[in-house]
Amino acid sequence: MNLTLYHLGMEGSKSFGIKQEGYHNPSSIMKTEEFSLRRSKVKQALMIFRNLFSKLFSEYKTDHYDNVKAKFKALNDAAMLMQRKHQWVNCRKRVGHVPGIEVGDRFQYRNELNVVGLHRQFVNGIDYVGKGKNSLATSIVVTNRYDNARNHGGSLVYSGHGWNPNVKGGSMPRDQKLAGGNLALKNSMDAKSPVRVILKVDGKSGGGIEKKTNDKFSYIYDGLYLVEKMIQERGTHGKLVFKFLLNKLEELPSTCVPPKDEVIKNVNKFGQLDIFTLRKRLKTKGCATKNDVIIMNDISNGQEKFPIRVVASTDGIKRPPSFDYIVNNIYVDSFEKPMLCGCDCVNGCVDWEKCVCIVKNGGTIPYDSKKRLASGLESRVIYECGSSCKCSSSCYNRLSQHGLQFQLEIFNSESKGWGVRTRSFIPAGSFVCEYIGEVHHHREAGSRQKVDSYVVTMVVEKCFIDATRRGNIGRFINHSCCPNLQVMEVMYDDNDKNLPHKIFFALQDIPAGRELSFDYNICKPRVIGTGSNICQCGSPKCAMPGKLRNNSISLAVPTKYVM
């Protein structure tokens, strides 16, 4: 779908929307209507910004500002005015592609990256989510203010942030610190988390990393890269700087912007440092290798923090059965959902005797300081703080309410069909995901038996979750008689014990590349399904090797938690 944003009300605006032949764009994984809607929102935001900037620029030039100051002030004021009016789009920071934006799109001004959600920093080159060791880089802007370099093969050497004397008004050079954006890039390297790369290029000729001239510049979205290596070396000013090697993900071709010869020499010099190749690193981490065919880049259509791609080992495999991806349960039937009595911990849930949520958990906090299930947890029901509580959204007792924390992907196995594996290491006790779908009264199960492959019971003989037509990544997790996930019942938005959230936690340390699985409780009499298959879990401890098992799942009986 070649959508362009031409004639947006000012000269040069048609640059956004220019794409190169052969690009595999994120729009191809979205439904046509949904992508068109998101694309139109981006288009509208840019139109508002450029028209507003043009108006302010004309006003400021008459207020005795010189052209440079008038332009700078107009660009910043236009962006901030739109933010105050809630006219920015894609406001939530995310890892991966941004809805409505395609690889190869060109933007006229740096401020536009903020307005459309591609890069949320006006000045800093590294944008990220989270703090400290939990941070991940979302995007970087490649400019000539630092010693950055790029070669023909899709590799990029990116200099770390901080104490750069080339930045106008900067302080004396100092050693860079492993904090902020630099730490986020390192965390992305460890987690194999992709980073968006935006190139600042010569807007006049459209070629090469920007040159130190007075020509107009533009910004091109060059796609997703993986951080392959980080080193620390002495920079041109004698201070320690961080250097990051990034390789472009294989499903996306190299940018059309040709690098300069001197750039290639810099990369080759860096490349002498025992750098792992992209293919070897991907294979080691359990991600898609050259033999894997990427069928979809993000089955969640940007709704999760991390893109969830769908891969297969051979070409010609069809996509998973069509369904609507959702991130919250949809209660199809009418349920009486009494409000859960929340805590009054304005200053945080630190008083174990007064916090009603901690009291409900037996006077103990269900999670430890590392945001994992506490050892020795006896109850299978966890009470988290929710909307009726006065503590902040960052309260450590809201662990399961912040979406995915690890990169996952859907893959096609030889014997079990579609499954889920992790692309990053998951420590024991960590929150993985929730099983989400349509919530129905249990009495309707009989009328839905022909399509109940993704049906799980919430509470025996009470309610069930049907993820057949609407669901999330949890619907693809396979059974194993020796699972690495367990299911806990979490309460935070209502006090009906018949409607708990079904949350997956890691039973053990799970290395990158390992398939995720949980026990369907297929040997229990509480299963509500009708279909049958041979148990293909392949575990040495398989309880039913070669025997028939039900397709449907019972989550009413939890497995034992093991640290």
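Provided above is the structure to which this section pertains.
If you're wondering where the values come from, they're calculated on a predicted model, not measured in any experiment.

Novice: Got a minute to help me understand the sheet that holds strand 14 (residues 408–413) in this structure?
Specialist: Sheets are built from strands paired through backbone hydrogen bonds, the pairs being either parallel or antiparallel. Sheet architecture is open: 4 strands sit in the order 9-10-14-15, paired in mixed fashion. Unpaired on one side and paired on the other, strand 9 (293–296) and strand 15 (417–422) mark the two borders of the sheet. Direction aside, neighbouring strands of the sheet carry axes that sit 35 degrees apart on average.

Novice: Is there a simple way to explain the packing of aromatic side chains in this structure?
Specialist: The geometry of an aromatic ring pair is captured by the separation of the ring centres together with the interplanar angle, meaning the angle of the planes. One pass over the structure, following the stated rule, counts 10 aromatic pairs. Ring geometry for Phe518 versus Tyr520: centroids 4.9 Å apart, planes at 50 degrees, classification tilted. Both residues of the pair, Phe518 and Tyr520, belong to the buried class. These aromatic residues form a ring-pair network of at least three members: Tyr435, Phe504, Phe518 and Tyr520. In this structure, Lys73 is placed above the aromatic ring of Tyr60, and the distance from its NZ or CZ to the ring centre is 5.2 Å. When the ring centre of Phe323 is taken as reference, the NZ or CZ atom of Arg475 above it lies at 3.9 Å.

Novice: What is the right way to read a positive patch on the surface from this model?
Specialist: Taken together, the side chains of Arg92, Lys133, Lys305, Lys370 and Lys371 make up a positively charged region of the molecular surface. Residue placement: Lys371 occurs in the loop between helix 7 (356–360) and strand 13 (381–383).

Novice: I tried to follow the sheet that holds strand 13 on my own but got confused; where do I start?
Specialist: The strand order 13-22-23-16 describes an open sheet built from 4 strands, whose pairing is mixed. Looking at the sheet topology across the chains shown, the edges are occupied by strand 13 and strand 16 (431–435). Direction aside, neighbouring strands of the sheet carry axes that sit 40 degrees apart on average. In this sheet, strand 22 (residues 485–491) lies alongside strand 13 in parallel orientation, the contact comprising 3 bridges. From the neighbouring strand, Ile382 faces strand 22, where its bridge partner is Val490.

Novice: How should unusual backbone geometry be read in this particular structure?
Specialist: Leave glycine aside and you will find that most residues have negative phi; peptide bonds, for their part, are mostly trans. In the Ramachandran plot, Asn90 falls in the positive-phi region, its phi being about 50 degrees despite a non-glycine side chain. In this fold, Asn90 is placed in the loop between helix 2 (67–84) and strand 1 (106–107). The class for Asn90 is buried, based on a relative accessible area of 18%. At Asn301, a residue that is not glycine, the phi angle is positive and equals roughly 55 degrees.

Novice: Please clarify how the pattern of salt bridges should be interpreted in this entry.
Specialist: Considering all chains together, one arrives at 16 salt bridges under this definition. Ionic pairing is found between Glu489 and Lys502, a salt bridge with its closest N-O pair at 2.7 Å. Of this pair, Glu489 sits in strand 22 while Lys502 sits in strand 23 (residues 501–506), and the two are 13 residues apart along the sequence. Exposure class is identical for Glu489 and Lys502. Each is buried.

Novice: Honestly, helix 4 (residues 180–191) in this entry has me stumped. Any pointers?
Specialist: An α-helix turns once per 3.6 residues; consequently, residues spaced three or four apart project the same way. Compared with the 16 Å implied by 1.5 Å per residue over 12 residues, the 16 Å span of helix 4 between its first and last C-alpha is a close match. With 9 of its 12 residues buried, helix 4 lies for the most part within the structure. Regarding helix 4, the residues found buried are Gly181, Asn182, Leu183, Ala184, Leu185, Asn187, Ser188, Met189 and Ala191. Directly after helix 4, the chain includes Lys192, whose backbone phi takes a positive value near 55 degrees.

Novice: Would you mind showing me how to read helix 2 here?
Specialist: The first and last C-alpha atoms of helix 2 sit 25 Å apart over 18 residues, in line with the 26 Å expected at 1.5 Å per residue. Every buried residue of helix 2 is listed here: Ala70, Ala74, Leu75, Ala78, Ala79 and Met82. Mapping the buried residues of helix 2 onto a view down its axis gives an arc of 150 degrees, with all of them on the same face. Of the exposed residues in helix 2, those oriented more than 90 degrees away from the buried face are Val68, Lys69, Phe72 and Arg84.

Novice: It is not clear to me how the layout of surface pockets should be interpreted in this structure. Could you clarify?
Specialist: Empty space left among the atoms is revealed by rolling a probe the size of a water molecule over them. When its volume is computed, the second largest pocket comes out at roughly 1400 Å³. Every residue lining the second largest pocket is counted, 39 residues in all, and those nearest its centre are Lys133, Asn134, Ser135, Lys371 and Gln405. Per-element tally for the lining of the second largest pocket: the top contributor is helix 4, with 3 residues. Looking at the lining of the second largest pocket residue by residue, the classes come out as 14 nonpolar, 13 polar and 12 charged. Two domains each provide a minimum of three residues to the lining of the second largest pocket, namely domain 1 (90–206 + 213–248) and domain 2 (292–523).

What counts as what
- Residues numbered from 1 in each chain as written.
- Predicted model: local features only at pLDDT ≥ 70, side-chain atom pairs only at ≥ 80, totals over all residues.
- Heavy atoms only, no water.
- Pairing = 2+ DSSP bridges.
- Helix = DSSP H or I, 4+ residues; strand = E, 2+ residues; numbered from the N terminus.
- Axes fitted to C-alpha atoms, helices over the stretch in contact; angles between N-to-C directions.
- Phe/Tyr/Trp six-rings, centres within 6.5 Å; stacked < 30°, edge-to-face > 60°.
- Buried < 20%, exposed > 50% of the residue type's maximum accessible area, 1.4 Å probe, protein only.
- Lys NZ or Arg CZ within 6 Å of the ring centre and 35° of its normal.
- Patch = residues over 30% accessible without salt bridge, like charges linked within 9 Å, V, L, I, M, F, W, Y side chains within 5 Å.
- Areas by Shrake-Rupley, 256 points an atom, 1.4 Å probe, with all protein chains shown as cover.
- Salt bridge = Lys/Arg side-chain N within 4 Å of Asp/Glu carboxyl O.
- Lys, Arg positive; Asp, Glu negative; His and termini not counted.
- Charge placed at Lys NZ, Arg CZ, Asp CG, Glu CD.
- Expected span 1.5 Å × (residues − 1).
- Arc of directions from axis to C-beta.
- 1 Å grid on protein atoms, 1.4 Å probe; cavity = no way out; pocket = protein on both sides within 12 Å on 5 of 7 lines; lining within 4 Å.
- Points joined across faces, edges and corners; volume = space filled by probe spheres on them.
- Nonpolar A, V, L, I, M, F, W, Y, C, P; charged D, E, K, R; others polar.
- Domains from an automatic or database assignment.

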